[in-house]
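These are the residues of each chain, in order.
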Amino acid sequence: MDIKLKKVKAISGAVEVPADKSITHRAVMLSSIAEGDSVVRNYLPSADCNRTIEAFRQMGAEIKIDNDNLHIKGAGLNLKKPQDCKYNIYAGNSGTTARLISGILAGQNFETIIKGDESLSKRPMGRIIEPLSKMGAEITSNEGLLPLTIKGKSSLKAVNYECDKSTAQVKSAVLFAGLYADGATTYAEPVKSRDHSERMLKAFGADVRVNGNFVTIYPAQKLASQDVTVPGDISSAAFFIAAALIVPDSNLTIKNVGVNPTRDGLIEVLKRMGADISLMNPRKVSNEPICDIEVRYSKLKAVNVDASVVPRMVDEIPIFVLIATQAEGITRISGAGELKVKETDRIFAVASQFKKLGAQVEPLDDGFIINGNAGVPLNGNLLDSFEDHRIAMTLSIASLIADGETIIKDSNCVAISFPNFYEVLKNICK
Ligand code: S3P
């Protein structure tokens, strides 16, 4: 489905964004391997999270949906082999489902096949195959790509694993496998990636110890059921933060947004650019910091963004590029090579579509050079989302400051993380 959008006068009002995708996946997974009844409040009912729910239903967890809440009767650490069919687990478009579930499957006494859609079938799985194989799982793949066949073992070998990238998906897979290991498993990464798994594993009773960029997990006899409340997703809020910053006369409040320090890179960088952003009413839900974010239209200065901050804003880089096109001066982004292996090659997607909008965005192997035009409007055009939810939403926000009409192809892919994106957007556009 294509969508047609036009320039707007201002962005204003107060909104709530949907629940955090990363936290929803983890809450479903840990509740499913816990013992007893868990509740996941304010879960994200998006296409990606539904893949995780379906997978654990197939492996013996009872998951009931009651409005915004999930009621999950856990199957315990030892799951049931999913029914025999062409594939046992279908991860769809969801890298988080495929990679995190692999850590749990590595510790099962059965064999499972994981498949995904066309996009996921091009994304690298070698990064989880390597550590999980070292721990003793037998994994075959299509030359490092899906489908994966995972033959698990109920007792894995504990390892010390040092990853050369900062990736929460690999870290989480290893930590989940560590629950089934024969001793302490330690994971190290160059810059700390999102730590929702560590926080939630602790809440479910696992022995997890964090020391800087090192995490150690001890084997578990069982996990205890929990009552989890999922905060709003800062990666979804990022689109509206951007809209309010770049559309003149805007003033927006986004309520109940998770601001975990491993996810708040965008806010830090925007403040460096001179953005008028206030974090109000700081509080905690389920051991995650949240607040209400107030954003006003701002005149921005260019900045440099490098590998030390990229892991804390990895999913926000496409929308950040849009913001940088509206700043004064040249913004350089480096250390973001991982963008090439997201739902699409986001370096190519962003550079090619921003060129069509008339912005000066040069792609690099690991980032971008953006020549900010300090408020000169973009030009509407026919744009390709590459069926990537974050590209579709980035281009939609770009259209709000583009002259003429912008058409975005396959805009329905926003349902991967933000099913009612266009309704929420409509409500704040003046
Ligand atoms: C995620 C980790 C990140 C992120 C993805 C969700 C997670 O991926 O891009 O959208 O929930 O752990 P990487 O681990 O590949 O950086």
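All figures in this text were calculated on a predicted structure; none of them were measured in a lab.

**Student:** How do you make sense of the overall build of the chain when you look at a structure like this?
**Tutor:** Each helix and strand counted, the chain has 12 helices and 25 strands in total. The C-alpha atoms of the chain give a radius of gyration of 21 Å, which matches the 22 Å a tight globule of 430 residues would have. For the chain, the residues scored as buried account for 58% of the 430 residues in total. Intrachain contacts of the chain at a sequence separation of at least 6 include 76% that bridge at least 24 residues.

**Student:** It is not clear to me how the site of the ligand should be interpreted in this structure. Could you clarify?
**Tutor:** Around the ligand, the surrounding shell consists of Lys 21, Ser 22, Arg 26, Thr 96, Thr 167, Ala 168, Gln 169, Arg 194, Val 314, Asp 315 and Lys 342. In this structure, an oxygen atom belonging to the ligand sits 3.1 Å away from a main-chain N or O atom of Ala 168. Against a free-state accessible area of 380 Å², the protein chains account for coverage of 95% of the ligand. Residue assignment for the shell around the ligand shows that the elements contributing at least two residues are helix H1 (21-32) and helix H5 (168-178). Each of domain 1 (3-19 + 231-428) and domain 2 (21-229) gives at least three residues to the shell around the ligand.

**Student:** Is there a simple way to think about the sheet that holds strand S13 (residues 214-217) in this case?
**Tutor:** Within a beta sheet, neighbouring strands are joined by backbone hydrogen bonds and run either parallel or antiparallel to one another. Across the sheet, four strands lie side by side as S10-S11-S13-S12; this open sheet has mixed pairing. Both edges of this open sheet fall to strand S10 (160-162) and strand S12 (208-211), since each of them pairs with a single strand only. This sheet shows a mean twist of 15° between the axes of neighbouring strands, independent of strand direction. Alignment of S12 against S13, held across four bridges, turns out to be antiparallel. The residue bridging Asn 211 from the neighbouring strand is Phe 214, located in S13. Lying over the sheet, H5 contacts strand S11 (185-188) and S13, oriented at roughly 175° with respect to S11.

**Student:** Teacher, can you tell me more about the pattern of salt bridges here?
**Tutor:** Considering all chains together, one arrives at 28 salt bridges under this definition. In this structure, Glu 54 engages Arg 57 in a salt bridge whose closest nitrogen and oxygen atoms are separated by 3.3 Å. Of this pair, Glu 54 and Arg 57 are both found in helix H2 (residues 47-58), three residues apart, which corresponds to roughly one turn of the helix. Owing to a relative accessible area of 34%, Glu 54 belongs among the partly exposed residues under this scheme. Arg 57 gets classed as partly exposed once you look at its relative accessible area, which sits at 30%. Among the ionic pairs, Glu 338 bridges to Arg 127, the shortest N-O distance being 2.8 Å. Of this pair, Glu 338 sits in the loop between strand S19 (328-333) and helix H10 (346-356) while Arg 127 sits in helix H4 (residues 126-134), placing them 211 residues apart in sequence. Judged by relative accessible area, which is 14%, Arg 127 ranks as buried.

Definitions and limits used
- Residues numbered from 1 in each chain as written.
- Predicted model: local features only at pLDDT ≥ 70, side-chain atom pairs only at ≥ 80, totals over all residues.
- Heavy atoms only, no water.
- Helix = DSSP H or I, 4+ residues; strand = E, 2+ residues; numbered from the N terminus.
- Rg over C-alpha atoms; globule rule 2.2 N^0.38 Å.
- Buried < 20%, exposed > 50% of the residue type's maximum accessible area, 1.4 Å probe, protein only.
- Contact = heavy atoms within 4.5 Å.
- Near = heavy atom within 4 Å.
- Polar contact = N/O pair within 3.5 Å; in protein donor to acceptor, adjacent residues only side chain to side chain.
- Areas by Shrake-Rupley, 256 points an atom, 1.4 Å probe, with all protein chains shown as cover.
- Domains from an automatic or database assignment.
- Pairing = 2+ DSSP bridges.
- Axes fitted to C-alpha atoms, helices over the stretch in contact; angles between N-to-C directions.
- Salt bridge = Lys/Arg side-chain N within 4 Å of Asp/Glu carboxyl O.

The values reported here are purely geometric and, on their own, carry no functional implication.
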